[in-house]
Each structure stands twice: as C-alpha cells, then as structure tokens.
Amino acid sequence: MPAFPNCRRLLLAGLMLLASGTAGAAMNILVFGDSLSAGYGIRQDAAWPALLSRRLQEKKLDYKVVNLSISGETTSGGRARIDDALDRHSPRVVIVALGANDGLRGLPLAQLRDNLTAIVAKAQQRNARVLLVGQRIPPNYGSYAAQFHATFGEVAKARKTAQVDFLLDGVATQVQLFQADNLHPTAEAQPLLLDNIWRGLAPLLK
C-alpha cells in the first residue's frame, strides 16, 4: 500500500515537469533573408535580428529569433531552403526579407513573384504567421525598379500576409549609414532597420 502514494507523487511531479517544460518553450521567429539581415560587415550582435532578440526580452515576449539569413541569398535559394528550415525550427512567425539580390541582377518579375509566393505559402501551410519585407533597387533600373518594388505588395495582398514596405526605409538616403561598399548598412543603421521590421512584426506577436 505505501507504494501507491509514492507512485502518485512521482506521477504528479512528472506531469508538473512536463507542463513547465511546455510552457517555458519559446516560440521561434525565423528570419529568412540575405546579407542585409545576416549582419554583413558588422558584428553579429549588432545586426537587427540580434537587436530584435533583445527587444523581445525587454518586452518579456516569449520568442526566440532564429536567423537563417545568408549573404548573397536570392529568392530562388530561399525557396530551395524553406522546407528544411520549417522542418527544423517549426517557427510561429517567418520574416521573409529576400529579393534585393534578385532585383540587382534584373531577375524577371514573374520569377520573383513565383519564388516569394512559394516561400510565403509554404510557411502559411505550416500555420506560421508571415511578414513579407519589401525591397527597393536604385532608380537607374528604370521602370523595372518600380515594378520590382510593387511585386512585394502584390504578393502580400494575394497571400493576405503582413508587409513592411521597405527594409531600408529612413536609411537608404543617408550615405553615412552605409559601409564603404555603399550597399550594406552600418551598425549604427541597425536600430532603424529593427524599427522598420517591428512595425510589421508587433501585431503578429499578439
């Protein structure tokens, strides 16, 4: 007979441990971008995804940032990687910040649209909330530049997902906020990038 109370206590302790482990498991935010999100040329802890981690901690929001951004990445590369990323990390939120390299290379807009749509759709099929981050390229690309930027809004509207209009909003016109290559933002610019992301991300965390 004395064994039964002990078993009950052990069972209760096990259930409490299981419950606490489940409650304490942070939900993942997957950052899926290129060098603009990978912290190219600056310390990793100064890049906006790292600043996002700190902001989440400060606001006591139970999320973990998983940054899978790769310098030089394109939407085609992201499309090839997204299934594995979703399988490995089961994110609650996916921030898609790809396309800048496609624009600079003049990728046909139909391909850009198809790739972004596929990435967003795959994330949504896993019940992840998606934030699509818009990109711009220099105006010397002519009419392609405007059509390129508009594609992000079209995909966001079609897939009914949240959107940030432009990752480098408030940064792109300030030369002092870029590294010597005139392409990648400095560490000083990262808080501005974070603020741009946060405007679209915050509603998804409620």
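As recorded in an unreviewed UniProt entry, the protein goes by the name Esterase TesA, listed as coming from Candidatus Accumulibacter adjunctus.

Draft legend 1. Structural view of the overall build of the protein. Of regular secondary structure, the protein possesses eight helices and five strands. What you see in the protein, going N to C, is helices and strands ordered as α-β-α-α-β-α-β-α-α-β-α-β-α. Here the protein holds 206 residues, and the buried ones make up 45% of them. Across the protein, the fraction of contacts at a sequence separation of at least 24, relative to all contacts at a separation of at least 6, is 76%. On the protein, roughly 10800 Å² of surface is accessible, and the fraction owed to carbon and sulfur atoms is 57%.

Draft legend 2. Spatial organisation of the pairing of strand β3 (residues 93-97). Within β3, five of the five residues are buried, leaving the element largely enclosed by the surrounding structure. Here β3 shows no split at all, with Val93, Ile95 and Ala97 on one side and Val94 and Val96 on the other all buried. In this structure, strand β1 (residues 27-33) lies alongside β3, joined through five bridges in parallel fashion. Bridge pairing in β3 places Val31 opposite Ile95.

Draft legend 3. A look at helix α4 (residues 75-89). For α4, with 15 residues, the first-to-last C-alpha span of 19 Å sits near the 21 Å given by 1.5 Å per residue. Arg81 marks where α4 bends most, by close to 45°. Taken together, the buried positions of α4 are Thr75, Gly78, Ile82, Ala85 and Leu86. Residues of α4 that are buried make contact with β1, β3, α5 (100-104) and α6 (109-125).

Draft legend 4. Region of the structure containing the confidence of the model for the protein. Summary statistics for the protein give a mean pLDDT of 91 and a share of 88% for residues scoring 70 or more. Counted against residues more than four places away or in other chains, residues 1-23, with its pLDDT under 50, gives one contact.

Draft legend 5. Region of the structure containing a nonpolar patch on the surface. A surface patch of nonpolar side chains, amounting to about 250 Å² of accessible area, comprises Leu104, Tyr141 and Leu183. Here Tyr141 lies in the loop between β4 (129-133) and α7 (143-159).

Draft legend 6. Structural detail: the nonpolar core. Counting residues in hydrophobic clusters, the biggest one holds 30 residues, and the most contacted among them are Trp48, Leu52, Ile95 and Leu201. Those elements that place two or more of their residues in this core are β1, α3 (48-58), β2 (63-67), β3, β4 and α8 (190-201). At five residues, α8 tops the list of elements feeding residues into this core. Excluding anything up to four places from it in sequence, Trp48 contacts Val31, Leu36, Ser37, Ile95, Leu167, Gln190, Leu193, Leu194 and Ile197. Listed in part, the 26 residues of the second largest apolar core include Phe32, Leu107, Leu112 and Phe148.

Draft legend 7. The arrangement of the pattern of salt bridges in detail. This structure, assessed with the given rule, holds nine salt bridges. Of the charged contacts in the structure, one is a salt bridge between Asp45 and Arg43, with a shortest N-O distance of 2.8 Å. Its relative accessible area of 38% is what places Asp45 among the partly exposed residues. Exposure remark for Arg43: the relative accessible area of 57% places this residue in the exposed category.

Conventions used here
- Residues numbered from 1 in each chain as written.
- Predicted model: local features only at pLDDT ≥ 70, side-chain atom pairs only at ≥ 80, totals over all residues.
- Heavy atoms only, no water.
- Helix = DSSP H or I, 4+ residues; strand = E, 2+ residues; numbered from the N terminus.
- Buried < 20%, exposed > 50% of the residue type's maximum accessible area, 1.4 Å probe, protein only.
- Contact = heavy atoms within 4.5 Å.
- Areas by Shrake-Rupley, 256 points an atom, 1.4 Å probe, with all protein chains shown as cover.
- Pairing = 2+ DSSP bridges.
- Expected span 1.5 Å × (residues − 1).
- Bend = angle between axes of the 7 residues up to and from the residue.
- pLDDT = per-residue confidence, 0-100.
- Patch = residues over 30% accessible without salt bridge, like charges linked within 9 Å, V, L, I, M, F, W, Y side chains within 5 Å.
- Salt bridge = Lys/Arg side-chain N within 4 Å of Asp/Glu carboxyl O.
- Core = buried A, V, L, I, M, F, W, Y, C linked by side-chain atoms within 4.5 Å.

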